[in-house]
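Descriptive structure summary
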Amino acid sequence: MKPGLNCLYIYLTDECNLRCIHCWQSAPLSGKGKYSRLDFNECKKFLDDAIELGLKSIIFSGGEPLLNPGFKKFAEYFYKKSIRMTIETNGILISEEKILNTIKKNEIYCAISLDGVNPVTHNKQRGITNAFEQTVQSLEKLEQEKIYYQIIMAISKFNYQELIPLLDWIKEKYKYCEKFKINIVNRLGRAAGMDKKGLLFRPEEYPKITEDLSGIFDHYPFKVVLHIDPVFFSFKNLMSTYSCGGHCGYKSSLSILANGSVSICSLGKQFNKYIFGHVSTIDVKKIWESHPMLIDIHESTHTKLKGICSNCIFRQQCLGSCRAEALCVYGDFFEPHPRCQEYYDSGKFPKSRLINQDKEIKYL
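This report concerns the structure included in the present document. Computed from a predicted model, the values in this text were never measured in an experiment.

1. Remarks on the overall build of the protein
Within the protein, the regular secondary structure consists of 14 helices and 11 strands. Relative to its length of 364 residues, the protein is compact, with a C-alpha radius of gyration of 20 Å against a globular reference of 21 Å. Oriented by its inertia axes, the alpha-carbon framework of the protein measures out at about 60 × 50 × 35 Å. A sequence separation of at least 24 residues applies to 68% of the contacts in the protein between residues at least 6 apart. Only carbon and sulfur atoms are counted for the fraction: they give 49% of the accessible area of the protein, which is about 16,400 Å².

Here's what the structure looks like:
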């Protein structure tokens, strides 16, 4: 059965007001490079048609999406259509009155990045000297307005030691943080520089992270989730509430990039073959229902995965996890996830996670 178009990722701009050392998109600093900003009027018909296809939610992303002056138009449109909205943001601009009012009036859920409890740590990761202070100011504004929100921490060896102190600090200081999500920094974009310095975790280190953190998450009044592929969890921990196992919703979503291109996800920035056209001219119903590439992706995706993903018991659950990472490393949508393939190649991939334990996966 063909999935419905449930979600749109809307990249309002590809510029950013920070220069994060782990940014996988290498977003240009606002005012310092070439960037695009999405125009609402060009998107209007596409959005109307997407809603007819069953659209239920949208995620604003970037760059830093709040840099787009048209943010309010998008927000008001989706609010009137009763579409759930989330914004992925560094949070700095939320403290501005106009932006805060738009978020409040249109019931937009904020997912805000915070990478350490020590201002020096967060500021170094975010690339400017006062990022921590500005983000905290915005969190306090949300608290004053009694608006629930989520915090996201991107961990590496650079800041991992501050994870528990940050959780404790949020528990003590904030009432309306209802979720804390932990992502592991990958090796794409600027993070390649971190990798060269030995600051990124290797896949064989992931299981220890899941074990180390398994006993602490029930201590907090907000939900804590660890976004790592399911193979890195023990079976016991995989069933726990903190496991957020790698799944990407690409089978039921599309993306509108900042330049107006429509793609499966942000991978359209690097791979033109995954761009279906411009948002102002594309027939989204026709594309969604009959484009050969989407048909290929939507139908039995797990059976087309390659490498270790083809022999993993979790392939139907995680569907190969992030396809943008696989594409950037191997060049094809159905290639294995790089960290899972590396984990297998290291000889530490548990046999209990293999469909066929006697099958050797030789890859590249």
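2. Comments concerning the packing of aromatic side chains
Across all of its chains, the model carries 20 aromatic pairs by this definition. Here the aromatic residues F40, F60, F71, F74, Y77 and F78 are joined through ring pairs into a cluster of three or more. The lysine or arginine in question, R353, covers the ring of F235, its NZ or CZ lying 4.1 Å from the ring centre.

3. Section: the nonpolar core
By size, the foremost hydrophobic cluster in this structure holds 106 residues, and its most contacted members are L8, I10, L47, F60, F74, F78 and F180. Each residue touching I10, except ones within four places of it in the same chain, is listed here: L38, L47, I58, I59, F60, S61, F74, F78 and I256. Core analysis: the second largest hydrophobic core is formed by 5 residues, V185, A191, M194 and L200 among them.

4. With respect to the packing of helix α4 (residues 119-126) against helix α5 (residues 131-144)
Two elements in contact, α4 and α5, have axes whose closest approach is 7 Å; the angle formed by their N-to-C orientations is 105°. What the angle tells us is that α4 and α5 run roughly perpendicular. Residues P119, H122, N123 and R126 of α4 touch α5, and the partners they reach there are A131, F132, E133 and T135.

5. Description of the packing of helix α13 (residues 323-330) against helix α14 (residues 338-345)
Contact geometry for α13 and α14: axes closest at 8 Å, N-to-C directions at 65°. When the interaxial angle is binned, α13 and α14 end up roughly perpendicular. Seen from α13, the contacting residues are E325, A326, V329 and Y330; seen from α14, they are P338, R339 and Q341. Across the contact of α13 with α14, the residue classes tally to 4 nonpolar, 1 polar and 2 charged.

6. Notes on α4
Looking at α4, one finds that the buried residues are T121, H122, N123, Q125 and R126. If you follow the buried residues of α4, they end up packed against β4 (109-113), α5 and β5 (149-155). Between the side-chain oxygen of the N-cap and the backbone nitrogen of V120 there are 2.9 Å, and the N-cap of α4 in question is N118.

7. A closer look at the environment of E145
Mapped onto the elements of the fold, E145 is located in the loop between α5 and β5. What makes E145 partly exposed here is its relative accessible area of 30%. With 31 residues separating them in the primary sequence, E145 and Y176 have C-alpha atoms 9.6 Å apart. Each residue touching E145, except ones within four places of it in the same chain, is listed here: L100 and K104.

8. Concerning the pattern of salt bridges
With the rule as written, the count across this model stands at 18 salt bridges. The closest approach of N and O atoms between D195 and R202, which form a salt bridge, is 2.7 Å. A salt bridge links D296 to K304; the shortest N-O distance between them is 2.9 Å. Overall, the relative accessible area of 34% leaves D296 in the partly exposed class.

9. A short note on the pairing of strand β6 (residues 177-184)
Where β5 lies against β6, 7 bridges are found, and the strand directions are parallel. Bridge pairing in β6 links Y149 to C177. For the crossover from β5 across helix α6 (residues 163-173) to β6, the handedness is right-handed. In the sheet, β6 pairs with strand β7 (residues 223-227) via 5 bridges, with the strands oriented parallel. Looking at β7, one finds that N183 is bridged to H227.

10. Section: the pairing of β4
In terms of burial, β4 is a largely internal element, 4 of the 5 residues being buried. In this structure, strand β3 (residues 84-89) lies alongside β4, joined through 4 bridges in parallel fashion. Counted as the bridge partner of T89 is I112 from β4. In terms of handedness, the path from β3 via helix α3 (residues 97-105) over to β4 forms a crossover that is right-handed. Here β4 pairs with β5 via 4 bridges, running parallel. Across the sheet, residue C110 finds its bridge partner in β5, namely Y149.

11. A look at α13
Taken together, the buried positions of α13 are occupied by R323, A324, E325, A326 and L327. Against the buried residues of α13 lie α14. Immediately beyond the C-terminal end of α13, within one or two residues, lies G331, with a positive phi of roughly 90°.

The rules behind the values
Residues numbered from 1 in each chain as written. Predicted model: local features only at pLDDT ≥ 70, side-chain atom pairs only at ≥ 80, totals over all residues. Heavy atoms only, no water. Helix = DSSP H or I, 4+ residues; strand = E, 2+ residues; numbered from the N terminus. Rg over C-alpha atoms; globule rule 2.2 N^0.38 Å. Contact = heavy atoms within 4.5 Å. Areas by Shrake-Rupley, 256 points an atom, 1.4 Å probe, with all protein chains shown as cover. Phe/Tyr/Trp six-rings, centres within 6.5 Å; stacked < 30°, edge-to-face > 60°. Lys NZ or Arg CZ within 6 Å of the ring centre and 35° of its normal. Core = buried A, V, L, I, M, F, W, Y, C linked by side-chain atoms within 4.5 Å. Buried < 20%, exposed > 50% of the residue type's maximum accessible area, 1.4 Å probe, protein only. Axes fitted to C-alpha atoms, helices over the stretch in contact; angles between N-to-C directions. Parallel < 35°, antiparallel > 145°, perpendicular 65-115°, else oblique. Nonpolar A, V, L, I, M, F, W, Y, C, P; charged D, E, K, R; others polar. Polar contact = N/O pair within 3.5 Å; in protein donor to acceptor, adjacent residues only side chain to side chain. Salt bridge = Lys/Arg side-chain N within 4 Å of Asp/Glu carboxyl O. Pairing = 2+ DSSP bridges. Right-handed = clockwise from strand over helix to strand, strands pointing away.

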